[in-house]
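Per-entry structural report
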Amino acid sequence: MTQFVRATVADVDAVTALTRAAYGPWVALIGREPLPMVVDQAEAIRHHLVDLWHDDGVLVALIEMVPLVDHLLIENVAVMPGQQGKGLGHRLMDHAEATARRLNLPEIRLYTNAAFAANLAFYQALGYVETRRAAFRGGHMVYFSKRSGA
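In short, a report on the structure.

Quick word on the pattern of salt bridges
- Scanning the model with the defined rule gives seven salt bridges in all.
- For Arg 109, the salt bridge goes to Glu 107, with nearest N and O atoms at 3.0 Å.
- Since its relative accessible area comes to 14%, Glu 107 is described here as buried.
- A salt bridge links Arg 133 to Glu 130; the shortest N-O distance between them is 2.7 Å.
- Residue Glu 130 is classed as partly exposed on the basis of its relative accessible area of 32%.
- It is possible to trace a salt-bridge network through shared partners that takes in Asp 70, Glu 107 and Arg 109.

Here's what the structure looks like:
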């Protein structure tokens, strides 16, 4: 049975490759690499909760979460392009919500680029509410929030 596995520094190369593949299609749209493509993945793994989903031993999806005092911040959601549309995004988000409840955090927050229309629709369909927009690197970030039920 497949389940989430916490990333370790041994997973840095695989996490980097997955993140670059998942976010690569957005580069042309916004004219630069999205933030998850340029962060230090080793630092993220050391300081955040990075949970991996494998299919037949191959990393196909991940979610990076940051527990804060009053909420869980979702920093990165990445699914291999060939695996998108198979429900993994829902599985990742369900996992984040379960993590927030387990950590007794009452809220989940996330952000995405306003140009990523598919992301906006996905998060809204899951019940996330837009809380604000802010200028960012020539575009806009959209911030979302949802109660976790904790």
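Moving on, there is more to tell.
Overview of the packing of aromatic side chains
- All chains considered together, the criterion is met by six aromatic pairs.
- Between Tyr 111 and Tyr 143 the ring centres are 5.8 Å apart and the planes differ by 40°, which places this aromatic pair in the tilted class. In this pair, Tyr 111 is assigned in strand β5 (residues 107–113) and Tyr 143 in strand β7 (residues 139–147), connecting sequence segments 32 residues apart.
- Among the residues examined, Tyr 111 registers a relative accessible area of 24% and is labelled partly exposed.

Topic: helix α5 (residues 88–102)
- Helix length check: α5, at 15 residues, gives a terminal C-alpha distance of 21 Å against a target of 21 Å (1.5 Å per residue), a fit within 8%.
- Looking at the buried residues of α5, the elements they touch are β2 (49–55), β3 (58–67), β4 (72–79), β5, α6 (117–125) and β7.
- Where α5 ends, the next residue or the one after it, Asn 104, has phi of about 60°, a positive value.

Definitions and cut-offs
The residue numbering used here restarts from 1 in each chain and proceeds along that chain's sequence as written. pLDDT decides what is reported in this predicted model: residues at 70 or higher carry local features, side-chain atom pairs at 80 or more are listed and counted, and totals for whole chains, interfaces and linings draw on all residues regardless. As a convention, hydrogens and water are excluded, and side-chain values are obtained from all of the structure's heavy atoms. Salt bridges are defined by distance alone: a side-chain nitrogen of Lys or Arg within 4 Å of a carboxyl oxygen of Asp or Glu. We call a residue buried when its accessible area falls under 20% of the maximum for its residue type, exposed when it is over 50%, and partly exposed in between, using a 1.4 Å probe and counting protein chains only. Aromatic pairs are defined between Phe, Tyr and Trp rings, using the six-membered ring for Trp, whenever the two ring centres lie within 6.5 Å; interplanar angles under 30 degrees are classed as stacked, those over 60 as edge-to-face, and all others as tilted. Each helix corresponds to a stretch of at least 4 residues labelled H or I by DSSP, and each strand to a stretch of at least 2 residues labelled E; elements are numbered beginning at the N terminus. In this analysis, the expected span of each helix is defined as 1.5 Å times one less than the number of residues it contains. Two residues qualify as a contact provided that any one of their heavy atoms is within 4.5 Å of a heavy atom in the partner residue.

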